[in-house]
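Inside the fold
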Amino acid sequence: MATNHKLILGNCMTMEELPDRSVHLMVTSPPYFNAPFDYKGLFKDYGQYLGVLRNFAQETFRVLQDGRIAVLNIDDMLIDGEKFPIVADATKIFQEAGFRYRDRIVWKKPDGYLRISRRSGVILQNPYPMYFYPDNLLESIIIFQKGKFDYRSISKEVRAKSKVDTKEIQTNKWYMTLWEMNNVMPGSPLEKDIAAFPEELPYRAIKLFSYKDETVLDPFAGSGTTMKKARELGRNSVGFEIKKSLAPIVKKKMGFGEQATLLQNNDKLEIIIRKSGKYGPIR
Ligand SMILES: C[S@@+](CC[C@H](N)C(=O)[O-])C[C@H]1O[C@@H](n2cnc3c(N)ncnc32)[C@H](O)[C@@H]1O
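In what follows, the accompanying structure is described. (Residues numbered from 1 in each chain as written. Predicted model: local features only at pLDDT ≥ 70, side-chain atom pairs only at ≥ 80, totals over all residues. Heavy atoms only, no water.)

**A few points about the overall build of the protein chain**
Assigned secondary structure in the protein chain consists of 8 helices and 11 strands. Whereas a compact globule of 283 residues would reach a radius of gyration of roughly 19 Å, the protein chain reaches 19 Å, a difference of no more than 12%. Considering only C-alpha atoms, the protein chain reaches an extent of 65 × 45 × 40 Å along its principal axes. Per-residue burial for the protein chain yields a buried fraction of 47% across its 283 residues. A separation of at least 24 residues holds for 77% of the contacts in the protein chain among residues at least 6 apart in sequence. Put simply, the protein chain shows about 15,200 Å² of open surface, and 53% of that area lies on carbon and sulfur atoms. Side chains of the protein chain give 44 positive and 34 negative charges; the mean places of these two sets differ by 3 Å. (Helix = DSSP H or I, 4+ residues; strand = E, 2+ residues; numbered from the N terminus. Rg over C-alpha atoms; globule rule 2.2 N^0.38 Å. Buried < 20%, exposed > 50% of the residue type's maximum accessible area, 1.4 Å probe, protein only. Contact = heavy atoms within 4.5 Å. Areas by Shrake-Rupley, 256 points an atom, 1.4 Å probe, with all protein chains shown as cover. Lys, Arg positive; Asp, Glu negative; His and termini not counted. Charge placed at Lys NZ, Arg CZ, Asp CG, Glu CD.)

Shown next as structure tokens:
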């Protein structure tokens, strides 16, 4: 069956284009609070950042169908020697929006991942007490659920065609709360200046938490990694992205670029530029 995809160029603080209970899964990685490389000075203060998470949680709760899942790739952020407890705060915010906190998975990057964090050098240069700052190889994947899922609501046919390969679960150790996945290499052409997550992350989330032909939402679409995997896995998708300039990247990443005709199916990508609404047109 052909799949449909919508990239809405607008602020996801309101997802006014989406009716209540219209999506089956949300997978995203929100902007990191003033991350030194990617988002330096983006938010006025931590309170403003938490306000963004609150809006996003409430809108996600509204548009998700009952029983469905929200997956966030997020992590605490170290700025000028102070760590901001983003995972704990986001968990509380999602609970306050009505979600049940279902699980936390730790994503471990390869040992050589040192792009942002090179702090361990301090103790090696000064091998004395009080100079220890570890390198961070971990991020969190936190999972929330809107009430309880009714397993009987899915037909036998849809269940059968959405079956997850148990060999893949076992071989790649999806069954643990530790997921070892490579990060996107800094400087990858399609993800340049975008803090993209690896395709493996939405791939696992989509397979584990949605059925074929359902709709997956990514409110912070970036380069469109979630949308790409949704398409490949036979799901529809909706993405919001505030940066209009990323539309061609999403299009290309999803395979709707020049080679689109080679794909031989009727999948569609619609790009919508928001003109009105509470948060107005994008700048
Ligand atoms: C961490 S990146 C997401 C990267 C994405 N997971 C990928 O693999 O490419 C966050 C994205 O959210 C966008 N963004 C930030 N605030 C937004 C908002 N209020 N509404 C919509 N998009 C927003 C940023 O422009 C950025 O592209």
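**Things to note about the pattern of salt bridges**
Any two side chains of opposite charge can pair, given that their charged atoms come close. Following the criterion strictly, the structure yields 20 salt bridges and no others. Lys-146 is paired through a salt bridge with Asp-66; the nearest N and O atoms lie 3.7 Å apart. In this pair, Lys-146 is assigned in the loop between strand S7 (138-145) and helix H4 (156-161) and Asp-66 in strand S3 (residues 64-74), connecting sequence segments 80 residues apart. Given a relative accessible area of 45%, Asp-66 falls into the partly exposed group. (Salt bridge = Lys/Arg side-chain N within 4 Å of Asp/Glu carboxyl O.)

**Digging into the packing of aromatic side chains**
As enumerated under the stated definition, the model contains 18 aromatic pairs in all. Measuring from ring centre to ring centre gives 4.9 Å for Tyr-46 and Phe-84, while their planes differ by 50°; the resulting arrangement is tilted. Here Phe-84 lies in strand S5 (residues 82-84) and Tyr-46 lies in helix H1 (residues 46-63), a separation of 38 residues in the sequence. Of the aromatic side chains, those joined through ring pairs into one cluster are Phe-56, Phe-61, Phe-94, Phe-99, Tyr-101, Phe-144 and Phe-220. A cation over an aromatic ring shows up here: Arg-204 above the ring of Trp-179, its NZ or CZ 4.8 Å from the ring centre. Across from the ring centre of Phe-256, 4.0 Å away, lies the NZ or CZ of Arg-231, which sits over that ring. (Phe/Tyr/Trp six-rings, centres within 6.5 Å; stacked < 30°, edge-to-face > 60°. Lys NZ or Arg CZ within 6 Å of the ring centre and 35° of its normal.)

**Observations concerning helix H2 (residues 86-96)**
Regarding H2, the residues found buried are Ile-86, Val-87, Ala-90, Thr-91, Ile-93 and Phe-94. For H2, the arc enclosing every buried residue in end-on projection is 165°, short of the 170-degree limit, so these residues lie on one face. Exposed residues on H2 whose side chains face more than 90 degrees from its buried face are Ala-88 and Glu-96. Residues of H2 that are buried sit in contact with H1, S3, strand S4 (77-79), S5, strand S6 (100-108) and S7. Downstream of H2 by a residue or two, Gly-98 has a phi angle that is positive, lying close to 120°. (Arc of directions from axis to C-beta.)

**Examining the nonpolar core**
One finds Tyr-49, Leu-53, Ile-74, Ile-86, Phe-94 and Leu-217 to be the most contacted residues of the largest nonpolar core, which totals 38 residues. If you list the elements that add at least two residues to this core, you get strand S2 (23-28), H1, S3, S4, H2, S7 and strand S10 (236-241). Ranked by size, the runner-up nonpolar core spans 20 residues in total, among them Leu-25, Ala-205, Phe-209 and Val-216. (Core = buried A, V, L, I, M, F, W, Y, C linked by side-chain atoms within 4.5 Å.)

**Regarding the side chain of Asn-236**
Relative to the helices and strands, Asn-236 is located in strand S10. Of the residues examined, Asn-236 reaches a relative accessible area of 14% and is grouped as buried. Of the polar contacts made by the side chain of Asn-236, one reaches the backbone oxygen of Asp-213; its length is 3.0 Å. (Polar contact = N/O pair within 3.5 Å; in protein donor to acceptor, adjacent residues only side chain to side chain.)

**Section: the site of the ligand**
Contacts to the ligand come from 20 residues, most closely from Asn-11, Cys-12, Ser-223, Thr-225 and Glu-241. At 2.8 Å, a side-chain N or O of Asn-11 approaches a nitrogen atom of the ligand. For the ligand, a nitrogen atom lies 2.9 Å from a polar atom in the backbone of Cys-12. Grouping the constituent residues of the shell around the ligand by class yields 13 nonpolar, 6 polar and 1 charged. (Near = heavy atom within 4 Å. Nonpolar A, V, L, I, M, F, W, Y, C, P; charged D, E, K, R; others polar.)

Geometric descriptors of this kind do not, in isolation, establish any biological role.
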